[in-house]
Amino acid sequence: MKKQTLLLGRVLRFSGDPMRQPWQDVVRIDSAGGVLLCDGRISAVGDGAALSAAHPQAEVTDYDAALICPGFIDAHVHYPQTAIIASWGKRLIDWLNTYTFPEEMRLADPAYAEEIAGRYLDLTLDHGTTSVASYCTIHPHSVDAIFSAAAARGQRIVAGKTCMDRNAPEGLRDSAQSAYDDSKALIDRWHGTGRASYAITPRFSPTSSAEQLAALGALWAERPDCLMQTHLSEQSDEIAWVRELYPQARDYLDTYEAHGLLGARALYGHAIHLEEREIDRITETGAALVHCPTSNTFIGSGLFDMAGLGARGVPVGLATDTGGGSSFSMLRTMAAAYEIGQLRGTPLHAAELMWLATAGSARSLHLQDRIGTLAAGMEADLCILDLASTPAIAQRAARAEDIWETLFATIMMGDDRAVADVWIAGERRGG
Ligand code: GUN
Ligand code: ZN
């Protein structure tokens with residue numbers, strides 16, 4: 001008989017999308033729940049005592065008052081920017097030129113790319129993040145580095161070679177043809193191997209010629225099972241620059257749409273300053289957006305309309321956008337999403353924030369049938385949250401009138417100390 005593991009504790013459960021339905025109808029926390037793991041997957045979720053009785057041979061870990069959640073899913077990151085997170089004082093284009101491109105250049109050294117890939121995944125695992133969708137650099141070996149590092153840790157991951165053939169320094173530019181060829185070879189090498197999947201990754205319209213966007217659009221048409229990730233309407237100066245570079249485009253989204261880079265498996269990071277036509281096209285096509293709240297405040301980009309876009313049914317993932325974002329923590333990211341909601345007059349509930357950081361991100365990555373929810377058949381990636389991890393949080397939790405108030409204190413004030421444990425594909429990694 002296969003080894004079974006039973007985790008006991010409070011268990012976070014989803015049965016629908018709380019951005020579209022009242023959260024009370026689709027999100028709940030079982031106070032004495034259990035999650036049974038077998039062969040890398042979740043085989044049952046339910047009442048802890050009943051699962052214990054039905055599976056007496058299972059090895060039990062009792063987390064008591066801690067919260068068993070799906071592992072966090074960070075839907076937009078740049079792992080190569082790990083070492084330059086929290087760089088001071090620049091807005092988007094200057095930030096790219098001053099801090100980001102010089103650092104990405106350093107990943108020309110394969111040994112450095114490997115070091116950063118490993119460092120990044122260890123840091124994020126310490127924060128309870130079990131899957132990410134990452135940009136790499138233009139160097140194909142930077143893609144090998146992150147896929148290899150994720151495979152060594154058993155993690156599900158999405159990644160792709162960042163493509164740029166203009167407006168980037170010498171040494172950090174490819175071409176339309178090499179972007180197509182290298183991306184295609186990387187898809188063949190990695191897409192669907194183990195827990196890896198590939199995202200075709202033009203960085204953003206300012207750093208791609210129309211020829212490069214068209215080449216990557218053609219590649220996506222050949223490999224429609226891949227995701228396509230890029231940036232959209234993050235900052236007003238960037239949008240004005242796109243208008244200059246693509247004078248014939250109706251709007252920023254049209255620079256992608258006209259080159260075959262709009263579709264249901266598209267993933268647009270930021271998407272703050274959208275025009276009506278762009279929102280209509282995103283809604284019609286089923287493309288996903290990614291909310292990057294700590295980045296949007298840190299780089300000074302603006303306030304994403306989470307409530308409005310979520311209510312229209314646009315799939316939205318949540319992300320740190322490391323290293324434009326100022327934290328590796330999805331707890332901190334949820335806190336920033338809450339604060340931006342407050343600034344817009346639409347605060348998100350703890351249940352909605354937790355859904356965005358797990359099932360919502362999974363849906364944006366088209367991985368909702370594998371990760372992001374605790375349910376039988378799903379892959380066993382879990383994060384265990386200590387809801388009283390610091391004296392400040394514990395004293396607030398002691399005053400809480402219900403579990404949501406307790407959890408909200410950890411969302412707003414928690415960090416890696418709140419991550420009591422992490423499980424990847426049914427294996428305990430530790431918090
Ligand atoms: N737009 C194009 N590249 C980037 C990047 O690396 N980070 C952010 N935040 N925005 C971008
Ligand atoms: Zn980004």
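Residues numbered from 1 in each chain as written. Chains lettered and ligands numbered in written order. Predicted model: local features only at pLDDT ≥ 70, side-chain atom pairs only at ≥ 80, totals over all residues. Heavy atoms only, no water.

1. Looking at the environment of Ala159
- Take Ala159: it is sitting in strand β7 (residues 157-160).
- Accessibility expressed as a relative area gives 0% for Ala159, which makes it buried.
- Distance from Ala159 to Ala133, taken between C-alpha atoms, is 5.5 Å for residues 26 residues apart in sequence.
- Apart from residues lying up to four places away in sequence, Ala159 is in contact with Ser134, Cys136, Ile146, Phe147, Ser197, Tyr198, Ala199 and Gln229. (Helix = DSSP H or I, 4+ residues; strand = E, 2+ residues; numbered from the N terminus. Buried < 20%, exposed > 50% of the residue type's maximum accessible area, 1.4 Å probe, protein only. Contact = heavy atoms within 4.5 Å.)

2. Comments concerning the packing of aromatic side chains
- Within this structure, the stated rule accounts for six aromatic pairs.
- Each ring, one from Tyr120 and one from Phe328, has its centre 6.3 Å from the other, and the planes form 55°; the classification is tilted. Here Tyr120, found in helix α4 (residues 110-126), pairs with Phe328, found in the loop between β13 (316-318) and α13 (330-344); they are 208 residues apart in sequence, far enough to count as distant.
- Relative accessible area serves as the criterion here: at 0%, Tyr120 is assigned to the buried category.
- Phe328 sits in the buried class, given a relative accessible area of 12%.
- Here the aromatic rings of Phe147 and Trp190 are separated by 5.1 Å at their centres, their planes lie at 25°, and the arrangement is stacked. With Phe147 in helix α5 (residues 140-152) and Trp190 in helix α6 (residues 176-190), this residue pair connects regions lying 43 residues apart in the sequence.
- Judged by its relative accessible area of 14%, Trp190 falls in the buried class.
- Grouping aromatic residues by their ring pairs yields a cluster made of Tyr252, Tyr256 and Tyr268. (Phe/Tyr/Trp six-rings, centres within 6.5 Å; stacked < 30°, edge-to-face > 60°.)

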